[in-house]
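Understanding the architecture of this molecule
So you can see what is in the structure, the chains are spelled out below.
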Amino acid sequence: MAQPRVTIGIVGYSAVVDSYPLGPKLMRDLEAALQDAPHVSVENFTWSPVHVVQRFQDGELERPDRIVLVGLAAESAAPGTVAAYRWRGGHQPEAKVQERVYEAVTGIVDLENTLMIGSYFDVWPSECFTVEADLAPDTFGRLVMAENEGRASPEKLEIELGYAPDKIREKLVAQVTTLAMKGVDAQNSTVTDKTADMLCPVRSFAETHVANAAGG
Amino acid sequence: MCFENLPIEFDDQGNAFLKEGVRNPYEYQTRTLEERETKLKELAVKNGQLADVDFDPVTRVAGALAFHSTVDLKEGKILETNAMATLFRGYEVILRGRDPRDAAFISSRACGVCGGVHSTASALSIEMALGIKPPPLGIVVRNLLLSCEYLYDNPLHLFVLSGPDFSESLVKATNPEVWDKAQTAAAPGKDMHGYETIAEIMTDLNPLTGKLYLEALNMTRVAREAYVLLGGKYPHPETIIPGGVTTTITTTTFNEFYLKISQFFDYAKKCVAIWDDVFDFFYDCDPKYKEVGRIPATMIDFGQWDHEDYYDASYENCNAWGEKRWSTPGVVVNGKLVTTRLTDINVGLEEFVEHSYYEKWEDYPFKTDPLGNPLSPNHPWNKTTIPRPGAQNWKERYSWSTTPTWDRMTFEAGAYARVYISAMAQKIPESEYFESTGHSLKLNIPKGEALPAANLEWHVPDVWNAFERNRARAYAVAFNLLVTLENLVRAFDLQKQGETKVATPFEIPKKGHAIGAGFWGAGRGFLSHHCEIKDGLLANYQIVTPSTVNACPATPWGEGGPYERAVMNTPIIETAFNDEKDFQGIDILRALRSFDPCMPCTTHVMVEGSDRVVTREVTTCACGID
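Being a predicted model, the structure only gives us computed values, none of them experimental. (Residues numbered from 1 in each chain as written. Chains lettered and ligands numbered in written order. Predicted model: local features only at pLDDT ≥ 70, side-chain atom pairs only at ≥ 80, totals over all residues. Heavy atoms only, no water.)

Remarks on the overall build of chain A
For clarity, the cut-off: Only DSSP runs of H or I covering at least 4 residues are called helices, and only runs of E covering at least 2 are called strands; the numbering of each starts at the N terminus. For the radius of gyration, the atom set is restricted to C-alpha positions; the globular benchmark scales as 2.2 Å times the number of residues to the power 0.38. Each residue is assigned to one of three classes by its accessible area relative to the maximum for its type, calculated with a 1.4 Å probe on protein chains only: buried under 20%, partly exposed between the two thresholds, exposed over 50%. Working rule for contacts: check all heavy atoms of both residues, and any pair within 4.5 Å makes them a contact. Note on areas: Shrake-Rupley, 1.4 Å probe, and residue coverage restricted to the protein chains presented here.
If you tally the helices and strands in chain A, you get seven helices and six strands. Listing every helix and strand of chain A by position from the N terminus yields β-α-β-α-β-β-α-α-β-α-α-α-β. At 17 Å, chain A has a C-alpha radius of gyration in line with the 17 Å of a compact globule built from 216 residues. For chain A, the spread of C-alpha atoms along the principal axes amounts to about 50 × 45 × 35 Å. Counting only residues that meet the buried cut, chain A has 53% of its 216 residues in that class. In chain A, 79% of the contacts between residues at least 6 apart in sequence involve partners at least 24 apart. Approximately 9,300 Å² of chain A is accessible, and the part contributed by carbon and sulfur atoms is 51%.

Written out as structure tokens, the structure is:
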């Protein structure tokens, strides 16, 4: 039986520090973990979601049978955790999709925008998953500062953040690899459904995205 | 004599000096905004129809601009406006103490949309400070890269960011009577764009589904692909450096570039025809639309696209090479062109922080520029960025944007300023593609795939408002395209002559003191990078972006920034509302968006303490502000 064509799309930050769980090391680790799986391609989706859609529409990227998008959770509720979802699609009012496109065309890279815009333009296969790292909003800044100030050892970072960024990346790789290889067969109680009405609304860039915080 | 407010005069050689006998030439009176507050309270007592309307975000570009206005819905008037940049841009602080070679790469991050223009402004600034003159092909390639950024930005704004404000879905919801008229209104530019009626155009401006909207998304991709052919990558190109560019270019590269750019031949004609038709229709519908966003035409642009025969990077010769740019530098005050000299623009610049979250600085290291022209203590070369986060208060401090002024006036920046000033100045070097007449800009666009060659002409408008800003922006697409063609021809010619060098090597002197400025422009207009280099490191670095210029808070003496003044003058023409609950504020938004706001230019980093840099998001919101 032919293997399904699988794409892993990293909506990450390919040009940042290695210690950032969604940084360049994630791609290298995923490629290494999947080196014996030629039917799985690991793609950098750190682009405007409109560009991601255009790559599929123009045939630059082959439409896969299964896709796993990996990126940052839109809202931080439990920093240091990783969650997986099966995308069940659904509709958002066009005005809400427009808000995501406005962000997309002006430089915002965002997992949920990619998910919704891709869904609107119908580029996702029915087997579409997301694997999301929950990182506090200031994680990147802290990691950059730690690196600049020479205190970026795993132990020190774990103390500073309350979790080890390396471990987050390992969890991401494990979860993404499992979903890429097994798809719906791997779906269990830890992979919950996600639909359009569950996406975080687009908010002012100035608002901190922390769940349950006052005014958040 | 171009200065009316600053006490600056000129000798016979055109050198500026401070008027004699003026004791404190740069003194100014501060005025609190409390008078306005009292008036508003009185009005509120008389009239229960006052509504506070907050738009946050308004930018459709990452949303770091909030706008507060108080509207009298009964009278259809706007009574109070405040523009607020909600996040701090810390690039001035980040760059302090760094190697000057880092500046282009780091300052590029000031914006994810137009990083390349920051790289270039930075490169120009370092070139001026260190006396680095790029080779001709390096200058021309830099011009081509700039054009690609504009060809991305301007159509994006016209059809994706601002266009929806004129679409069927918005017009039906806010002014159904306008939609009714649109259905029978013939579109005069049918031969160019193919639409019979204005309503058909409006339908295709609908976001997500409209053909014009989707076409614009596609064209932005073409522009980016053209950029990448020459610049390697986008955003944040690493090929732009002081001294030129680092890219290897062959004739094949230029041929491929031409294939991309030629897709804009017909598109540029269409842009102009579409927006001419839509805006003329709105005026016909209701002459009050001429008042939307109306303020006197006071704007500045540094000019862009250096001419390889003239640009030598020096401040000493900047008036000569500036006036040979393919778009002309200049200052327009109340519709009158008062100068085209870069030194005049530079000398008149000041930045104020009375209504911003910054401390006032004490240093005044440069009393004059390198030519001896006087400089204000508030000039960017004298400014120190000292952030002071605090409570928001419309009477005191309410923005992370500073207040840039020229000759003590706030002014506008935009793609339209490039067109406006170039049209008036009659200084553009000779080209078969465009010509400045003193009152218009003639544009000769070649034949495209479907449309014949076209001669377009943008005329300096009688009124300056939201519609004219966007109309000029549509013509700017054509102007950009033609400057691109001019430079591409020059690139081919240089290659034929064996001129293949694209960069001039240089070293950073370990000792010495120098200053430089990058006088340039983003897709959204005016952009300056001022640097000071001391003993091999950046001692100071100051950036003024177009959105800082347009979205600035009030001056210390109480003059509102361009957004604030433009919205204050805007009548409420929206009809489909009963009260503040279903009031959409479309006229306010049209006025604001006509400036093409882009506040990532003023965001991203917050400083804790003095010079420590930490990336944090700042929780601010215009709603409920004092």
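Quick word on the UniProt feature "binding site: Mg(2+)" (unreviewed entry) in chain B
Residue and element names in this part refer to chain B. Definition in use: UniProt positions are given in the numbering used here, feature names are shortened, and annotations may be inferred rather than shown by experiment.
Feature annotation in UniProt places "binding site: Mg(2+)" (unreviewed entry) on Glu92, Ile543 and His604, given in this structure's numbering. The topology assignment puts Ile543 in strand β18 (residues 537–544). Not counting residues within four places of it along the chain, the set of residues in contact with Ile543 comprises Arg89, Tyr91, Glu92, Ser107, His118, Leu527, Ser528 and His529.

Some points on helix α5 (residues 136–161) of chain B
Short version of the rule: What a helix should span is 1.5 Å times the count of its residues minus one.
Look at α5 of chain B: 36 Å from first C-alpha to last across 26 residues, which is about the 38 Å you get at 1.5 Å a residue. Of all 26 residues in α5 of chain B, 25 are buried, a share of seventy percent or more.

Digging into the packing of aromatic side chains
Residues and elements named next belong to chain B. Defined as follows: Stacked, edge-to-face and tilted labels apply to pairs of Phe, Tyr and Trp rings (six-membered ring for Trp) whose centres lie within 6.5 Å, assigned for plane angles under 30 degrees, over 60, and everything in between, in that order.
Per the stated rule, a full pass over the model turns up 42 aromatic pairs over all chains. Ring centres of Phe159 and Trp275 lie 5.5 Å apart, and the angle between their planes is 50°; this geometry places the pair in the tilted category. Of this pair, Phe159 sits in helix α5 while Trp275 is found in helix α12 (residues 264–285), placing the two residues 116 residues apart along the sequence. The class of Phe159 is buried, set by a relative accessible area of 2%. Residue class for Trp275 comes out buried when judged on its relative accessible area of 1%. On the basis of an interplanar angle of 80° and a centroid distance of 5.8 Å, the ring pair of Phe281 and Phe282 is categorised as edge-to-face. Phe282 matches Phe281 in its accessibility class, with the two residues each being buried. Connected via pairs of aromatic rings, a cluster forms that spans Phe159, Phe166, Phe264, Tyr267, Trp275, Phe279, Phe281, Phe282, Tyr283, Tyr289 and Phe467.

Quick notes on the sheet that holds strand β13 (residues 434–436) of chain B
Residues and elements named next belong to chain B. For clarity, the threshold we go by: Pairing between two strands is assigned when DSSP locates at least 2 bridges connecting them. Comment: axis = line fitted to C-alpha atoms, over the contacting stretch for helices; angle = value between 0 and 180 degrees taken between N-to-C directions.
With antiparallel pairing, three strands are arranged side by side in an open sheet as β13-β14-β15. Each end of this open sheet is capped by a strand with a single partner; those strands are β13 and β15 (454–459). If you compare each strand with its neighbour and ignore which way they point, the axes differ by 15° on average. Where β13 and strand β14 (residues 440–445) come together, three bridges link them in antiparallel fashion. Within β14, the position partnered with Ser436 by the bridge is Leu441.

Overview of the pattern of salt bridges
Any two side chains of opposite charge can pair, so long as their charged atoms come close to each other. Here is the rule we go by: Think of a salt bridge as a Lys or Arg side-chain nitrogen and an Asp or Glu carboxyl oxygen that are within 4 Å of each other.
Evaluated as defined, the whole model comprises 44 salt bridges over all chains. Here Asp166 of chain A makes a salt bridge to Arg169 of chain A, at a shortest N to O gap of 2.5 Å. With a gap of three residues between them, Asp166 of chain A and Arg169 of chain A both fall in helix α7 (residues 165–182), about one helical turn apart. We note a salt bridge from Arg294 of chain B to Glu291 of chain B, for which the minimum N-O separation is 3.0 Å. You can call Arg294 of chain B partly exposed: its relative accessible area is 30%.

Here's the deal with the environment of Pro429 of chain B
Residue and element names in this part refer to chain B. Here Pro429 shows up in the loop between α15 (415–425) and β13. In this structure Pro429 comes out as buried when scored by relative accessible area, which is 12%. Note: C-alpha distance between Pro429 and Thr209 (220 residues apart in sequence) is 42 Å. Residues contacting Pro429, with those up to four places away along its chain left out, are His307, Lys324, Arg325 and Trp326.

Overview of the environment of His513 of chain B
Examined against the element boundaries, His513 of chain B turns out to sit in strand β16 (residues 513–522). Taking relative accessible area as the criterion, His513 of chain B reaches 46% and is therefore assigned partly exposed.

Remarks on the sheet that holds β18 of chain B
What links the strands of a sheet is backbone hydrogen bonding, and the strands pair in either a parallel or an antiparallel sense. Residue and element names in this part refer to chain B. Within the open sheet, the three strands sit side by side as β16-β17-β18. Their pairing is antiparallel. Strand pairing shows two members of the sheet lacking a second neighbour, β16 and β18, which therefore form its edges. In this sheet, adjacent strand axes meet at a mean angle of 15° when their direction is disregarded. By the bridge criterion, seven bridges tie strand β17 (residues 525–534) to β18 in an arrangement that is antiparallel. Bridged to Lys534 within β18 is Leu537.

Points about helix α2 (residues 49–57) of chain A
In terms of residue burial, α2 of chain A counts as a mostly covered element, since seven of its nine residues are buried. Within the span of α2 of chain A, buried status applies to Pro49, Val50, Val52, Val53, Gln54, Arg55 and Phe56 of chain A. Where α2 of chain A is buried, its residues meet β2 (40–44), β3 (66–72), α3 (94–105) and α4 (111–120) of chain A together with α10 (211–231) of chain B. Looking one or two places after α2 of chain A, you find Gly59 of chain A, whose phi comes out positive at around 80°.

Quick look at the UniProt feature "binding site: Ni(2+)" (unreviewed entry) in chain B
Residue and element names in this part refer to chain B. The UniProt entry lists Cys111, Cys114 and Cys598 under the feature "binding site: Ni(2+)" (unreviewed entry), expressed in the numbering used here. In three dimensions, the annotated residues from a span of 488 residues occupy one location, with a maximal C-alpha spread of 9.7 Å. Residue placement: Cys598 occurs in the loop between α19 (586–593) and β19 (606–608).

Focus: the pairing of β3 of chain A
All names here are of chain A. With six of seven residues buried, β3 lies mostly within the body of the structure. In terms of strand pairing, strand β1 (residues 6–11) meets β3 through six bridges, oriented parallel. For Thr7, the partnering residue across the bridge sits in β3 and is Ile67. Here β3 runs beside strand β5 (residues 127–134); their pairing, made up of seven bridges, is parallel. Its bridge partner being in β5, Leu72 is matched across the sheet by Ala133.

Let's talk about the confidence of the model for chain B
All names here are of chain B. What counts here: A residue's pLDDT is simply how confident the predictor is in it, with values from 0 to 100.
Counting all residues, the mean pLDDT for chain B is 89, and 90% of those residues have values of 70 or more. Confidence drops under pLDDT 50 across residues 56–63; counting only partners more than four residues distant or on other chains, this segment forms 41 contacts. Across residues 600–626, where pLDDT falls below 50, the model places 90 contacts with residues more than four positions away in sequence or in other chains. If you check the scores for this complex, the pTM reads 0.89 and the ipTM reads 0.84.

So, the nonpolar core
Put simply, the test is: To form a nonpolar core, buried Ala, Val, Leu, Ile, Met, Phe, Trp, Tyr and Cys residues must be joined to one another through side-chain atoms within 4.5 Å.
One finds Trp124 of chain A together with Phe159, Trp275 and Phe282 of chain B to be the most contacted residues of the largest nonpolar core, which totals 205 residues. Setting aside residues no more than four positions away along its own chain, Trp275 of chain B makes contact with Leu158, Phe159, Gly163, Phe166, Leu205 and Ala474 of chain B. Counting 33 residues, the second-largest nonpolar core is a separate cluster that includes Tyr20, Met27, Val42 and Leu157 of chain A.

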